[in-house]
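Structure assessment
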Amino acid sequence: MGREEAEVLKERARLFLDAAKDDLRAGRFDLAAFHSEQAAQLALRYLLASTTGYYPHTHSLATLFEQVKELRSDLWKLYLDNRMAFEVMEDAYLGGRYLPRRYAKEVAEHLVKIAEKVVELCTSSTM
């Protein structure tokens, strides 16, 4: 994967995070949860692409975190400390696409906060 393609992943991760924050402000908590997952997923893909030139074609956050485990212990620790939130994010991804799923405001706020950390950790060193 080329540098330009990787940069698109970073840009989209940030745009999805912005969308998640907008969704929170507008009271669209299910969409905030969905967009949080997308932001985290793309940020992890960006990190892998920009570091190794490759990322697995998966929608599983667990798989993506497994891939970054050897590269970034800080991200692996974040995953372990917040595994339940990341599993809810994966549920939000599936629910946002295939199921009529709703999330409470507090859940969505927590997911956005966690996604923000992932995006920051994955993209800040190469800004």
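Refer to the structure presented above.
Rules behind the numbers
Residues numbered from 1 in each chain as written. Predicted model: local features only at pLDDT ≥ 70, side-chain atom pairs only at ≥ 80, totals over all residues. Heavy atoms only, no water. Helix = DSSP H or I, 4+ residues; strand = E, 2+ residues; numbered from the N terminus. Rg over C-alpha atoms; globule rule 2.2 N^0.38 Å. Buried < 20%, exposed > 50% of the residue type's maximum accessible area, 1.4 Å probe, protein only. Contact = heavy atoms within 4.5 Å. Areas by Shrake-Rupley, 256 points an atom, 1.4 Å probe, with all protein chains shown as cover. Lys, Arg positive; Asp, Glu negative; His and termini not counted. Charge placed at Lys NZ, Arg CZ, Asp CG, Glu CD. Arc of directions from axis to C-beta. Core = buried A, V, L, I, M, F, W, Y, C linked by side-chain atoms within 4.5 Å.

1. Section: the overall build of the protein
Looking only at helices and strands, the protein features 6 helices and 0 strands. Here the protein has a C-alpha radius of gyration of 14 Å; the compact-globule value for 127 residues is 14 Å, and the two agree. The principal-axis extent of the C-alpha atoms belonging to the protein is close to 35 × 25 × 25 Å. Classification of the 127 residues of the protein by burial places 45% in the buried group. Put simply, of all contacts in the protein between residues at least 6 apart along the chain, 63% involve residues at least 24 apart. Put simply, the protein shows about 6,800 Å² of open surface, and 52% of that area lies on carbon and sulfur atoms. Of the side chains in the protein, 18 bear a positive and 20 a negative charge, and the two mean positions are spaced by 2 Å.

2. A word on helix 3 (residues 61-68)
What helix 3 keeps buried is the set Leu-61, Leu-64, Phe-65 and Val-68. The arc enclosing the buried residues of helix 3, seen along the axis, measures out at 100°, which places them on a common side.

3. Side note on the nonpolar core
Core analysis: the biggest nonpolar cluster contains 40 residues, and Leu-44, Phe-65, Phe-86, Met-89 and Val-118 have the highest contact counts within it. Among the secondary structure elements, those contributing two or more residues to this core are helix 1 (3-26), helix 2 (29-52), helix 3, helix 4 (73-81), helix 5 (83-98) and helix 6 (105-123). The dominant element in this core, judged by the number of residues it contributes, is helix 2, at 12 residues. In contact with Val-118, other than residues within four places in its own chain, are Ala-40, Ala-43, Leu-44, Phe-65, Leu-78 and Phe-86.

4. Concerning the environment of Val-68
Mapped onto the elements, Val-68 comes out in helix 3. Given a relative accessible area of 0%, Val-68 falls into the buried group. Along the chain, Val-68 and Leu-121 lie 53 residues apart, while their C-alpha atoms are 12 Å from each other. Setting aside residues no more than four positions away along its own chain, Val-68 makes contact with Leu-44, Leu-47, Leu-48 and Leu-75.

5. Considering the environment of Leu-121
Considering the arrangement of structural elements, one finds Leu-121 in helix 6. C-alpha separation for the pair Leu-121 and Asp-74, spaced 47 residues apart in sequence, amounts to 8.3 Å. Non-local contacts of Leu-121, meaning those with residues more than four positions away in its chain, are made with Arg-72, Asp-74, Leu-75 and Leu-78.

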